[in-house]
Amino acid sequence: MEAGATSRTLLLSQGYEPIKVISWQRAITLLFLGKVEVLEEYGHDIRSVSIVIKVPAVVRLLRAFRRHAKPVKFSRVNIYARDNYKCQYCGKKAAMHELTYDHVTPRSQGGRTEWTNIVTCCYECNRKKGGRTPKQAGMHLLTQPAQPNWVPAVVIRISTRSVPDAWRDYLYWTGELTVGE
Ligand SMILES: [Zn+2]
């Protein structure tokens, strides 16, 4: 068995989303337990006394994978993600460093720092609004801020150099996978 990228198997959910990278040994175990099906194989065999099997490159879970539904962390970056990197007053879409956040009801007027009172805002609108409510400032929110109910995408970091060809269709298809370096 070669070492390196081809000793790893990409595990997909039942819905074809990448979940994680596992060892081929683990993939074989899941296969024999009847938990996965093999979608892609590497070119070489694994031989043991009784079996010859191709090394699985991509396997898919046959049953629904229950992701632990943790609530989305209240953070600046998740606020931006919820608001799609758009100023919630003028609708301008901007890079993270051009954005700030705004207390809809200012803290000076009892506004709290929570999902329902914080929105993504460009610096210009933030200055214009100042310490006022949108109504006092004559500004309108594009959407009423709410606590998001999505679960952040699973991010698997893999070096581009080590991504086996057999994985590529699955990685770029969902766009969920961050390929680093
Ligand atoms: Zn703006």
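The structure this text deals with has already been given above.
Remember, it's a predicted structure, so these values are computed and weren't measured experimentally.

1. Focus: helix α1 (residues 24-32)
Now for step 1: Taken residue by residue, α1 has W24, A27, I28 and L30 as its buried positions. The buried residues of α1 occupy an angular sector of 160 degrees when the element is viewed end-on, so they sit on one face.
Now for step 2: The elements touched by buried residues of α1 are β1 (8-12), β2 (18-23), β3 (36-47) and β4 (52-61).
Now for step 3: After α1 finishes, the residue G34 shows a positive phi value of roughly 75 degrees.

2. Overview of the coordination of the zinc ion
Now for step 1: Taken together, C87 (SG), C90 (SG), C122 (SG) and C125 (SG) make up the full set of protein donors to the zinc ion, lying 2.3 Å away.
Now for step 2: Taken together, the four donor atoms surrounding the zinc ion define angles of 103 to 115 degrees at the centre, an arrangement classified as tetrahedral.

3. A closer look at a positive patch on the surface
Now for step 1: Taken together, K20, R26, K35 and R63 make up a surface patch of like positive charges.
Now for step 2: Here R26 is to be found in helix α1.

Rules and cut-offs
Residues numbered from 1 in each chain as written. Predicted model: local features only at pLDDT ≥ 70, side-chain atom pairs only at ≥ 80, totals over all residues. Heavy atoms only, no water. Buried < 20%, exposed > 50% of the residue type's maximum accessible area, 1.4 Å probe, protein only. Helix = DSSP H or I, 4+ residues; strand = E, 2+ residues; numbered from the N terminus. Arc of directions from axis to C-beta. Contact = heavy atoms within 4.5 Å. Donors = N, O, S within 2.8 Å, 3.2 Å for Na, K, Ca; no water. Tetrahedral: all angles 85-135°; square planar, octahedral: opposite > 155°, others 65-115°. Patch = residues over 30% accessible without salt bridge, like charges linked within 9 Å, V, L, I, M, F, W, Y side chains within 5 Å. Areas by Shrake-Rupley, 256 points an atom, 1.4 Å probe, with all protein chains shown as cover. Salt bridge = Lys/Arg side-chain N within 4 Å of Asp/Glu carboxyl O. Lys, Arg positive; Asp, Glu negative; His and termini not counted. Charge placed at Lys NZ, Arg CZ, Asp CG, Glu CD.

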